[in-house]
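Residue-level listing of the chains:
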Amino acid sequence: MELTFVSEELPDDEAFDAYSTAVMRVAERLSPSVASLRARNGGGSAVAITPDGFLLTSAHVVQRSRKVRASFTDGRELEAEVVGADPLSDLAVLRAHGDSLAAATLGDAERLRVGQLVVAIGNPHGFAGSVTAGVVSALGRSLPTRSGAATRWVDNVIQTDAALNPGNSGGALADGLGRVVGINTAVAGVGLGLAVPINESTWIGIAGGSRPLPPRVAARLGRHGGVEVVEVVDGSPAARAGLRPEDLILAVAGTPVEGVDDLLRTMSGELIGATVRLELLRGGRELAVDVVPVELQT
């Protein structure tokens, strides 16, 4: 008996489910905005955020580099300069020598929910324009970053199970509408990727670490730790307020802080431009200083 097989092409609305359609739309919309970077210490990715050449990437991708090459999916290869980098937030801004770039639309990481679809686009292992998809697997994670002797915990990091590999760093993490909600920064394990949220960050210009309180102070306050100031950035809000290395921060705007995570949680976007009172321990003496946080600029 002879069997005859008929191959019939399905229309798009039948061939693709809603998940596939969403991922394809994000890829079509966002891929032209994502560049592959070649830097001094390897490769990575970047996202065009303005048509006239400004790109956002991870600071560790362009570490020790002044100039990089950015390649786009339309075939253009542009030279770009590092115009600013902040290793303590692992973000950097580049300026490419080109115009009419496809600028990405920025979203709101504060609106993300666990289980929500996200799409990562970047340059893993040199494979430009690679697209992976997954979900937000956790929110509110903290990521340690270093710059010399200074250490900072980047708060509210986005955790995703979208596959990330070396080279994805600096690339886009987008929501289901193609809006960039994070910059991919680290591969923490199989099925465990991290992205720095795109939202503004409150900054006072210190690096520090958790430290136990002296017994006398701990007994009076009824808690055990504070945040020791290790470094104060010149010209920062903290410097203008008179903070010094070895100051021990006890509270922010009346909210006790026992560790770095507590301090970061108090630094919400609503504090930008406001006068905030810090309660300190300096040389065994308690005092208060007023600081005006600003938006973190790279």
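What comes next is a walk through the structure. Every chain begins its residue count from 1, and numbering advances along the sequence as written. Only residues with pLDDT of 70 or above have their local features reported here, since the model is predicted, and side-chain atom pairs are shown and tallied only from 80 upward, although totals for entire chains, interfaces and linings are computed over all residues. Neither water nor hydrogens contribute to the side-chain values; these are computed over all heavy atoms in the structure.

Quick notes on the overall build of the protein chain
For clarity, the cut-off: We count a stretch as a helix when DSSP gives it H or I for four or more residues in a row; a strand needs E for two or more, and each element gets its number in order from the N terminus. Classification of residues uses two cut-offs on accessible area relative to the type maximum, computed with a 1.4 Å probe and protein chains only: under 20% is buried, over 50% is exposed, and between them is partly exposed. Residues are treated as being in contact if the distance between any of their heavy atoms lies within 4.5 Å. All accessibility values rest on the Shrake-Rupley procedure with a 1.4 Å probe; residue burial counts only the protein chains present in the view.
Along the protein chain, the regular secondary structure elements total five helices and 20 strands. Put simply, the protein chain has 298 residues, and 45% of those count as buried. Counting contacts in the protein chain only where the partners sit at least 6 residues apart, residues at least 24 apart contribute 59% of the total. Accessible surface computed for the protein chain: about 14,900 Å², of which carbon and sulfur atoms make up 51%.

Quick look at the environment of Ala70
Mapped onto the secondary structure, Ala70 falls in strand E4 (residues 67-71). On the accessibility criterion, Ala70 (0% relative accessible area) is buried. Considering only alpha carbons, one finds Ala70 and Ala35, 35 residues apart in sequence, at a separation of 5.6 Å. If near-sequence neighbours (up to four positions away) are discounted, Ala70 is found in contact with Ala35, Ser36, Leu37, Leu55, Arg76, Glu77 and Leu78.

Describing the sheet that holds E4
Short version of the rule: Strand pairing follows a simple DSSP-based rule, namely that at least 2 bridges must link the two strands. Helix axes use the C-alpha atoms of the stretch in contact, all axes being lines fitted to C-alpha atoms, and the angles between their N-to-C directions lie in the range 0 to 180 degrees.
Pairing is antiparallel around the closed barrel formed by six strands, whose spatial order is E1-E2-E3-E6-E5-E4. Across the sheet, the axes of successive neighbouring strands diverge by a mean angle of 40 degrees, strand direction being ignored. Two elements, E4 and strand E5 (residues 77-86), share five bridges in a ladder whose sense is antiparallel. Each bridged residue has a counterpart across the sheet, and for Ala70 the counterpart in E5 is Leu78.

Notes on the environment of Val190
By the secondary structure assignment, Val190 is in the loop between strand E11 (180-189) and strand E12 (192-197). Along the primary structure Val190 and Leu164 are separated by 26 residues, whereas in three dimensions their C-alpha atoms are 8.6 Å apart.

Some details on the pairing of E5
The hairpin turn running from E4 into E5, its antiparallel successor, is five residues long, and Gly75 in that turn takes a positive phi close to 95 degrees. Sheet topology note: the E5/strand E6 (residues 91-96) ladder contains six bridges and is antiparallel. Across the sheet, the residue bridging to Gly84 is Val93, located in E6. In this structure, the hairpin formed by E5 and E6 is closed by a connection of four residues, where Asp90 is found at a positive phi of approximately 55 degrees.

Let's talk about unusual backbone geometry
At His125, a position not held by glycine, the phi torsion is positive, near 55 degrees. Looking at the secondary structure, you find His125 in the loop between strand E7 (117-122) and strand E8 (130-147). Look at His125 and you get exposed, because its relative accessible area is 53%.

So, the nonpolar core
Most often, soluble globular proteins keep nonpolar side chains buried together rather than apart. This is how it is decided: Throughout this description, the term nonpolar core refers to a set of buried Ala, Val, Leu, Ile, Met, Phe, Trp, Tyr and Cys residues connected via side-chain atoms within 4.5 Å.
Ranked by internal contacts, the top residues of the largest apolar core, which has 23 residues, are Leu30, Val47, Ala172, Val180 and Ile183. At the level of secondary structure, the elements contributing two or more residues to this core comprise helix H2 (18-30), E6, E7, strand E9 (150-160), strand E10 (172-174), E11 and E12. Tallying contributions element by element places H2 first for this core, with four residues. Here Val180 is in contact with Leu30, Val47, Ala104, Thr105, Leu106, Gly107, Ala172, Leu173, Ala174 and Ile198, once residues within four sequence places are set aside. Among the nonpolar cores identified, the runner-up in size contains 20 residues, and Ile249, Leu263, Val276 and Leu287 belong to it.

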